[in-house]
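Read off the chains here:
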Amino acid sequence: METRQRRPTGRPRAFDPDEALERALLVFWEHGYEGASLATLTSAMGISTTSMYATFGNKEELFRKALERYTEGPSAYLNRALDEPTALGVATAIIAGTVRTTTRPAGPHGCLGVQGALATGEAGRGARDLLVEWRDSGYSRVRARFQRAVDEGNLPADTDAGLLARYVTTLSYGIAVQAASGVGRGELQDLADAALRHWPPF
């Protein structure tokens with residue numbers, strides 16, 4: 001009796017989850033949450049939809065993980081800025097970091113945390129709320145750092161730390177929007193320098 005040789009069962013091609021997440025981050029950064037389709041994401045990541053769900057969860061969970069990666073990577077300048085010894089040093093480092101990150105020669109321009117989901121439909125509500133929370137957290141950390149500067153005498157005693165933090169973060173977000181619109185690094189740095197020339201501004 002002739003025995004039929006069994007063909008080896010194909011195995012799914014292995015992939016590097018870290019590299020796949022980095023690629024997903026770039027897609028979200030460039031296209032925003034709703035603009036990044038599952039087909040575009042999985043194609044960029046080099047994996048199937050099944051593998052994406054198994055490894056990262058649904059699209060919203062993938063976006064959450066991508067935002068965490070963005071916070072720890074391109075946006076990590078905020079952590080370093082808050083360690084500056086003076087309030088002016090903090091503000092200068094935040095704005096310089098924003099200019100540098102949002103105008104990278106290679107990769108998307110702008111800021112994932114600002115443009116990722118400003119306006120969405122119902123399906124994108126979770127991502128939009130996540131970014132609102134992300135921006136609020138950044139503002140709160142800057143406000144706390146400026147309040148410390150007031151308490152330590154590095155800023156005038158009558159300084160409104162919350163207003164000053166709102167000024168710096170709004171300037172930072174505005175720079176990100178301008179960068180996404182194609183404004184160059186040099187012009188944005190000139191704007192930043194002008195905005196911080198008189199410190200504190202009020």
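In this convention, every chain numbers its residues from 1, walking through the sequence in written order. pLDDT decides what is reported in this predicted model: residues at 70 or higher carry local features, side-chain atom pairs at 80 or more are listed and counted, and totals for whole chains, interfaces and linings draw on all residues regardless. With hydrogens and water set aside, each side-chain value is computed from the structure's full complement of heavy atoms.

- In the annotation of an unreviewed UniProt entry, the protein chain is listed under the name TetR family transcriptional regulator and assigned to Amycolatopsis bartoniae.

Let's talk about the confidence of the model for the protein chain
And step 1. pLDDT is a per-residue confidence score from the predictor, ranging from 0 to 100. When pLDDT is averaged along the protein chain, the result is 92; 94% of the residues meet or exceed 70.
And step 2. Here, residues are in contact when the closest pair of their heavy atoms is within 4.5 Å. Contacts for the low-pLDDT stretch residues 1-11, under 50 throughout, to residues beyond four places or in other chains number 0 contacts.

Let's talk about the environment of valine 114
And step 1. Counting from the N terminus, the helices are DSSP H or I runs at least four residues long and the strands are E runs at least two residues long. With respect to the secondary-structure elements, valine 114 resides in helix H7 (residues 112-115).
And step 2. For every residue, the accessible area (1.4 Å probe, protein chains only) is compared with the maximum for its type, and the residue is labelled buried under 20%, exposed over 50%, or partly exposed between those bounds. Given the relative accessible area of 5%, valine 114 is considered buried.
And step 3. Here the alpha-carbon distance between valine 114 and tryptophan 134, two residues 20 residues apart in the chain, equals 9.3 Å.
And step 4. Those residues within four positions of valine 114 in sequence are excluded, and the remaining contacts are Arg135, Tyr173, Ala176 and Val177.

Focus: the packing of helix H2 (residues 38-45) against helix H3 (residues 49-56)
And step 1. Axis definition: a line fitted to C-alpha atoms, over the contacting stretch in the case of helices. Angles run 0 to 180 degrees between N-to-C directions. One way to put it is that H2 packs onto H3 with a least axis distance of 10 Å and a crossing angle of 85°. As the angle between them shows, H2 and H3 are arranged roughly perpendicular. Taking contact as the criterion, the partners of Leu38, Thr42 and Met45 in H2 are, on H3, Thr49, Met52, Tyr53 and Phe56.
And step 2. In this count, Pro and Cys sit with the nonpolar residues alongside Ala, Val, Leu, Ile, Met, Phe, Trp and Tyr, while Asp, Glu, Lys and Arg are called charged and the others, Gly among them, polar. Classifying every residue of the contact of H2 with H3 gives 5 nonpolar, 2 polar and no charged. Convention used here: angles under 35 degrees read as roughly parallel, angles over 145 as roughly antiparallel, angles from 65 to 115 as roughly perpendicular, and any remaining angle as oblique.

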